[in-house]
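# Structural description and commentary
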Amino acid sequence: MSQGSSQRPHRVAVIVDEGTNPFEVGVATELFGLPRPELGLPGPLYEVTLCAPAPEVRMNHGFFTLTGVRGLDAVAEAETLVVPGRPDNVVPRGPDVLDAIRRAHARGARIVSFCTGTFALAEAGLLDGRRAATHWRWADSFRRLHPKVLLEPDVLFVDEGGLLTAAGSAAALDLGLYIWRRDHGAEIANHVSRRLVFSAHRDGGQRQFVERPVPEVRDESLAPLLAWAQERLGEPLSVAELAARARVSPATLHRRFRAQLGTTPLAWLTSERVTLACRLIERGEERLDVVAAGSGLGSAANLRARLRQATGLSPSAYRRRFGSGGGEALVS
């Protein structure tokens, strides 16, 4: 469990502007606004406030009008600011919205955009010279409007420190779970993903558009194979063994992973093993060699390298931040 879970909730503000997509507002409230008694914590970890530049805000396509939310003054209290997308991206955001985003960034708040909310961050001047993601459908118009931004057109989300951008509506869920993992560790993030009934294994570098060919008569779903492998991560599984289990060639397995998950079998295995290693550390295991062996990462050196690559932290730093057993260093 994350240290500090008994402290006050982390304050999240969500800007609802004219024409905002309702789904992404729902994603933000679902991720960060719901009570989570299944975590067994003394209080909520996040507190969400919806805010808007006007007393009444017409949502995308006029599906409904949002009323009764706070004004943009709520942004001043936020530690994380979420900016959902809207379809009319060539229409500039209002100066009050852009100023609120700039002020939040200037005082060190984490700024998160969902889908085409990236346009607002770029209009505010926060993304020049930085990497960013947005929905593939608007990539060309984004480049024309914001040529100084280093757009990555084929990834789910991008983490640029205090600026995080998700590529699309579903990718907002991926980014939200990533934020949960960053803030509170893999164990809690997995509880949240199960509550959402949403996969926790997609990372930011995976492709936005996962190919969905017309299925053949036989079932080619990877779900049974993934479940089988997840129960055996501590064993020396190889791609060849996964292919044999699926009764296909390694090349066919690779194609199916690319089509269904947007990643490779080896990258998926490594990601799952790192997640398992994180959970072992969070549960109090102090011996690096035991964590490495139990997660299938093999050696303490490989564990250190993989964990730092995935989380930016060493095993000891990860345990100090997320472990349940205090701040002692892990030992080899």
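Let me sum up the structure you'll find in this document. Remember, predicted model here, so these are calculated numbers, not experimental data.

For the protein chain, the count of helices and strands is 13 helices and 10 strands. When each of the 332 residues of the protein chain is scored for burial, the buried share is 48%. If you take every contact in the protein chain between residues at least 6 apart in sequence, the share linking residues at least 24 apart comes to 64%. Entry remark: accessible area of the protein chain is about 15,300 Å², with carbon and sulfur atoms responsible for 54%.

Right, let's get into the pairing of strand β10 (residues 163–166). Every regular strand shows the same layout, with side chains that alternate between the two sheet faces. Alternating residues of β10 divide into Leu163 and Thr165 and Leu164 and Ala166, and every residue in both groups is buried. Pairing of strand β6 (residues 110–113) with β10 involves 3 bridges; the strand directions are parallel. Bridge assignment links Val112 to a residue of β10, and that residue is Leu164. Here strand β9 (residues 157–159) runs beside β10; their pairing, made up of 3 bridges, is antiparallel.

Moving on: helix α5 (residues 169–184). In a regular helix each residue adds 1.5 Å, so 16 residues correspond to 22 Å; α5 covers 23 Å between its end C-alpha atoms and thus fits that length. α5 sits mainly inside the fold: 12 of its 16 residues count as buried. When α5 is considered as a whole, its buried residues turn out to be Ala171, Ala172, Leu173, Asp174, Leu175, Gly176, Leu177, Tyr178, Ile179, Trp180, Asp183 and His184. Just past α5, the residue Gly185 takes up positive phi, approximately 95°.

So, on to the environment of Gly312. Looking at the element boundaries, Gly312 is found in the loop between α12 (300–311) and α13 (315–322). Taking the relative accessible area as the measure of exposure, Gly312 reaches 47% and is therefore partly exposed. Expressed as a C-alpha distance, the spacing of Gly312 and Arg182, which sit 130 residues apart in the sequence, is 9.5 Å. The contact partners of Gly312, leaving out residues within four places of it in the chain, are Arg182 and Leu307.

This next bit is on the pattern of salt bridges. Scanning all chains against the criterion turns up 18 salt bridges. Across the salt bridge formed by Arg8 and Glu79, the nearest N and O atoms sit 3.0 Å from each other. Taken together, the positions of Arg8 in the segment before β1 (10–15) and Glu79 in the loop between β4 (65–67) and β5 (80–83) put the pair 71 residues apart, joining distant regions of the chain. Owing to a relative accessible area of 24%, Glu79 belongs among the partly exposed residues under this scheme. Residues Glu187 and Arg283 are paired through a salt bridge, measuring 2.9 Å at the closest nitrogen-oxygen approach.

Running from amino to carboxyl end, helix α10 (residues 265–282) crosses α13 at an angle of 60°, the nearest separation of the two axes being 9 Å. Considered as vectors, α10 and α13 are oriented oblique to each other. Relative to α13, α10 is oriented so that their crossing is right-handed. On α13, the residues touching Cys278, Ile281 and Glu282 of α10 are Pro315, Tyr318, Arg319 and Phe322. Grouping the amino acids of the contact of α10 with α13 by side-chain chemistry returns 5 nonpolar, no polar and 2 charged.

Rules behind the numbers
- Residues numbered from 1 in each chain as written.
- Predicted model: local features only at pLDDT ≥ 70, side-chain atom pairs only at ≥ 80, totals over all residues.
- Heavy atoms only, no water.
- Helix = DSSP H or I, 4+ residues; strand = E, 2+ residues; numbered from the N terminus.
- Buried < 20%, exposed > 50% of the residue type's maximum accessible area, 1.4 Å probe, protein only.
- Contact = heavy atoms within 4.5 Å.
- Areas by Shrake-Rupley, 256 points an atom, 1.4 Å probe, with all protein chains shown as cover.
- Pairing = 2+ DSSP bridges.
- Expected span 1.5 Å × (residues − 1).
- Salt bridge = Lys/Arg side-chain N within 4 Å of Asp/Glu carboxyl O.
- Axes fitted to C-alpha atoms, helices over the stretch in contact; angles between N-to-C directions.
- Parallel < 35°, antiparallel > 145°, perpendicular 65-115°, else oblique.
- Left-handed = near helix turned anticlockwise from the far one by under 90°.
- Nonpolar A, V, L, I, M, F, W, Y, C, P; charged D, E, K, R; others polar.

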